[in-house]
Amino acid sequence: MFPAGRYSSKAHRCIRALKTVQTEYAAPQLYTSLHRRTCSSVSTPRITTHYTIHPREKDSRWEGVEMERFADEADVVIVGGGPAGLSAAIRLKQLANEHEKELRVCLVEKASQIGAHTLSGACLEPSALDELFPDWKERGAPLNTPVTEDVFSILTEKHRIPVPILPGLPMVNHGNYIVRLGNFVRWLGEQAEELGVEIYPGYAAAEVLFHEDGSVKGIATNDVGIAKDGSPKDVFERGMELHAKVTVFGEGCHGHLAKQLYKHFNLRENCEPQTYAIGLKEVWTIDEKKWRPGRVEHSVGWPLNRHTYGGSFLYHLNEGEPLVALGFVVGLDYTNPYLSPFREFQRWKHHPSVAPTLEGGNRIAYGARALNEGGVQSIPKLTFPGGLLIGCSPGFMNVPKIKGTHTAMKSGMLAAETIFPKVTAEDLESETIGIHVPEYSDVLKSSWVWKELHAVRNIRPSFHNYFGLYGGMVYTGIFYWIFRGKEPWTLKHCGLDAHQLKPAKECTPIEYPKPDGKISFDLLSSVALSGTNHEGDQPPHLTLRDDSVPVNRNLAVFDGPEQRFCPAGVYEYVPVETGDGMRLQINAQNCVHCKTCDIKDPSQNINWVVPEGGGGPAYNGM
């Protein structure tokens, strides 16, 4: 809840109503074939009922509904409770305490708990953590598994070809820690609260607010109590407004509000298009005899062809029981619409170098998320009047390292250090009501974050060549290992990932083996392990700009790729109830908030927006 004493009685009633609606969840429910048959028998006039597509002021059902929103003010509002957002909040309060300044920092997070939407490999480089908390070991940070072995391989269908990891190459993991990132983020949240940061999990920031002069004013949380058909329920309540001198956006990869800001301020005018990957992950308990705590394995190659960017990881955790975290990453610039990242992941687990580790084990968790892979040439303008972007929202991932947590944290810390003197200045002269902090970009570009990203900027785009994977590895060996990224050119990406798919008639369908239920599994049983749940009676948050496009273009031209690139079974083409043909069914309750659909949809017709706060996956240390 928002803290007592800061609101009017009407605002308190609004908050209580929000709490009531948010906690009225049914048990987690996935769409099974039986449930689909039940739903498909009900004819609906449209697929999309969300108010962002069908404005409420034009809907007679909303006449007379109270639409006033209550507002509160802070010095800094942070959107997103991941490593970047929490590091920014922590550093702000550290500076406030050091300078004996009063500073109100509020952080909103759409997950029901801090860390519940966090998913990563993860092999953590502790450089930023060392700066933020030099005594992190004494504070009990959950970094329990130092890397002891580092293995890199090229896989063929039947064999593993070891590749030596030469000193200085980005995939060297000496000094890093294998972590369950959700647990680490939860720990960061505890440190932030101890310092006085106000953290509000379960509140999804749905809208950017602007002052009359165009500068950012803050954010509004989403409305709750809207029925699936878009009409108001009896318990409908407007969201809250949070206003700030500076609003920090750290939503993670392909943030919903960041997309709005890119357009409003034209932030992507002078950068390359962002390119992405989807990462899928599982956690297993395995036979203790096969457990090698601290071992890190990465591979490229099979089952992907040389022109599809991707690879795998297999990490042995030391968490008091024999656990391994394994995953598969596929670049979303792939061209074959028949490719299914989820089924490639399941197929990879049967490789002779992987399956023996898993045999006799038990899969206990599953999840997926998108990753920024564009590198330094795809980073947008980071500041604008009233706000700035941090972390994976603009994209600070070091792709060849397969790491972005340390750079995300550092970006949040640098943002805090440039924001603090401005929001606490007594005689600050600002040209806009929302304070502009352009110094953040300058400081970031002179930091080790920019130096690190600049050195590896050409590795990811170097894979776009006739030899694909192998050409990229040769380029990396020559220009990174020898010249350390000092070549005087910067390679470009191929454009938007959504535009890379070829028509289905130009591609060969991929025949995937059936899951065996021991090593490989079906999609719905996997999603069940994510703990995903949404209030069922709300408009689908996977919105379509035009409900006719999926069938008329995506299905007709690309054979419905959304039913394959989604890692949660959200999209299905099912027969229409009357007559011939197919229609798109959106099983929004299954959504794990990975954003892949918004990125890869070849028609760019899908717009992912936030559902009611608290909905989504419930990852436990992913």
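So, how was this worked out
Residues numbered from 1 in each chain as written. Predicted model: local features only at pLDDT ≥ 70, side-chain atom pairs only at ≥ 80, totals over all residues. Heavy atoms only, no water. UniProt positions renumbered as here; feature names shortened; annotations may be inferred. Buried < 20%, exposed > 50% of the residue type's maximum accessible area, 1.4 Å probe, protein only. Helix = DSSP H or I, 4+ residues; strand = E, 2+ residues; numbered from the N terminus. Contact = heavy atoms within 4.5 Å. Polar contact = N/O pair within 3.5 Å; in protein donor to acceptor, adjacent residues only side chain to side chain. pLDDT = per-residue confidence, 0-100. Lys, Arg positive; Asp, Glu negative; His and termini not counted. Salt bridge = Lys/Arg side-chain N within 4 Å of Asp/Glu carboxyl O. Axes fitted to C-alpha atoms, helices over the stretch in contact; angles between N-to-C directions. Left-handed = near helix turned anticlockwise from the far one by under 90°. Nonpolar A, V, L, I, M, F, W, Y, C, P; charged D, E, K, R; others polar. Phe/Tyr/Trp six-rings, centres within 6.5 Å; stacked < 30°, edge-to-face > 60°. Lys NZ or Arg CZ within 6 Å of the ring centre and 35° of its normal. Pairing = 2+ DSSP bridges.

As named in an unreviewed UniProt entry, the protein is Electron transfer flavoprotein-ubiquinone oxidoreductase, taken from Xyrichtys novacula. Per UniProt, the comment on the protein under Subunit (unreviewed entry) is "Monomer." Of the protein, the UniProt comment under Catalytic activity (unreviewed entry) reads exactly: "a ubiquinone + reduced [electron-transfer flavoprotein] = a ubiquinol + oxidized [electron-transfer flavoprotein] + H(+)".

(A) Inspection of helix H11 (residues 448-455) at higher detail. Val-449, Trp-450, Glu-452, Leu-453 and Ala-455 are the residues of H11 that are buried. The elements touched by buried residues of H11 are helix H9 (405-423), helix H10 (439-445) and helix H12 (469-480). The opening residue of H11 is Ser-447, an N-cap whose side-chain oxygen sits 3.2 Å from the backbone nitrogen of Val-449.

(B) Summary view of the confidence of the model for the protein. Residues of the protein with pLDDT of at least 70 account for 93%, and the chain-wide mean is 91. The model gives residues 1-45 a pLDDT under 50, and that stretch makes 83 contacts with residues more than four places away or in other chains.

(C) Here's a closer look at the side chain of Asp-601. With respect to the element layout, Asp-601 can be found in the loop between helix H16 (596-600) and strand S24 (606-608). Among buried Asp, Glu, Lys and Arg side chains, Asp-601 stands out as unpaired, with Arg-553 the closest opposite charge at 6.3 Å. A polar side-chain atom of Asp-601 sits 2.6 Å from the main-chain amide nitrogen of Asn-605. Of the polar contacts made by the side chain of Asp-601, one reaches the backbone nitrogen of Ile-606; its length is 2.9 Å. In this structure, Asp-601 is in contact with Ala-498, Asn-554, Phe-565, Thr-596 and Ile-606, ignoring residues within four places of it in sequence.

(D) Broad picture of the packing of helix H3 (residues 83-98) against H9. Running from N to C, H3 and H9 point in directions that differ by 35 degrees, and their axes come no closer than 7 Å. Note on packing geometry: the crossing formed by H3 with H9 is right-handed. Here H3 contributes Pro-83, Ala-84, Ser-87, Ala-88, Arg-91, Leu-92, Leu-95 and Ala-96 to the contact with H9, which in turn contributes Thr-405, Ala-408, Met-409, Ser-411, Gly-412, Met-413, Ala-416, Glu-417, Ile-419 and Phe-420. Of the residues belonging to the contact of H3 with H9, the class tally is 12 nonpolar, 4 polar and 2 charged.

(E) How the structure looks around the UniProt feature "transmembrane region" (unreviewed entry) in the protein. When the UniProt feature table is mapped onto this chain, "transmembrane region" (unreviewed entry) is found at residues 463-483. Between the C-alpha atoms that bound residues 463-483 the distance is 18 Å, and the span itself is 57% helix and 0% strand.

(F) Structural detail: the environment of Asn-362. Residue position: Asn-362 is located in strand S18 (residues 362-372). Judged by its relative accessible area of 45%, Asn-362 falls in the partly exposed class. A C-alpha to C-alpha distance of 6.5 Å links Asn-362 and Ile-286, two positions 76 residues apart in sequence. If near-sequence neighbours (up to four positions away) are discounted, Asn-362 is found in contact with Val-283, Trp-284 and Thr-285.

(G) The arrangement of the packing of aromatic side chains in detail. Enumeration according to the criterion identifies 14 aromatic pairs in this entry. Here the aromatic rings of Trp-62 and Phe-236 are separated by 5.0 Å at their centres, their planes lie at 85 degrees, and the arrangement is edge-to-face. Residue Trp-62 is located in the loop between helix H2 (33-40) and strand S1 (71-79), and its partner Phe-236 is located in strand S12 (residues 232-237); the two are separated by 174 residues in the primary sequence. The aromatic ring of Tyr-262 is capped on one face by Arg-268, whose charged end is 5.2 Å from the ring centroid. The residue whose ring lies beneath Lys-349 is Phe-345, and the NZ or CZ to ring-centre distance is 5.3 Å.

(H) Quick peek at the pattern of salt bridges. One pass over the full model with this rule turns up 29 salt bridges. In this structure, the salt-bridge partner of Arg-56 is Asp-223, at a minimum N-O distance of 2.9 Å. One end of the pair, Arg-56, is in the loop between H2 and S1; the other, Asp-223, is in the loop between strand S10 (216-221) and strand S11 (224-226), and 167 residues separate them in sequence. With a closest N to O distance of 3.3 Å, Asp-75 and Lys-245 form a salt bridge. With a gap of 170 residues between them, Asp-75 in strand S1 and Lys-245 in strand S13 (residues 241-249) connect regions that are remote in the sequence.

(I) Highlighting the sheet that holds strand S3 (residues 123-124). The strand order across the open sheet formed by 3 strands is S3-S7-S4, and the pairing between neighbours is antiparallel. The open sheet terminates on both sides in strands that have one partner only, identified here as S3 and strand S4 (145-146). Pairing of S3 with strand S7 (residues 177-178), which is carried by 2 bridges, proceeds in the antiparallel orientation. Within S7, the position partnered with Leu-124 by the bridge is Tyr-177.

(J) How the structure looks around unusual backbone geometry. The omega torsion across Gly-121 and Ala-122 is -5 degrees, close enough to zero to call that bond cis. Residue placement: Ala-122 occurs in the loop between strand S2 (105-109) and S3. Notably, Ile-402 is not glycine yet its phi reads approximately 55 degrees, a positive angle. Here Ile-402 shows up in the loop between strand S20 (387-389) and H9. Of note, the phi angle at Asp-559 is positive, near 60 degrees, even though the residue is not glycine. With respect to the helices and strands, Asp-559 occurs in the loop between helix H14 (549-558) and helix H15 (562-565).

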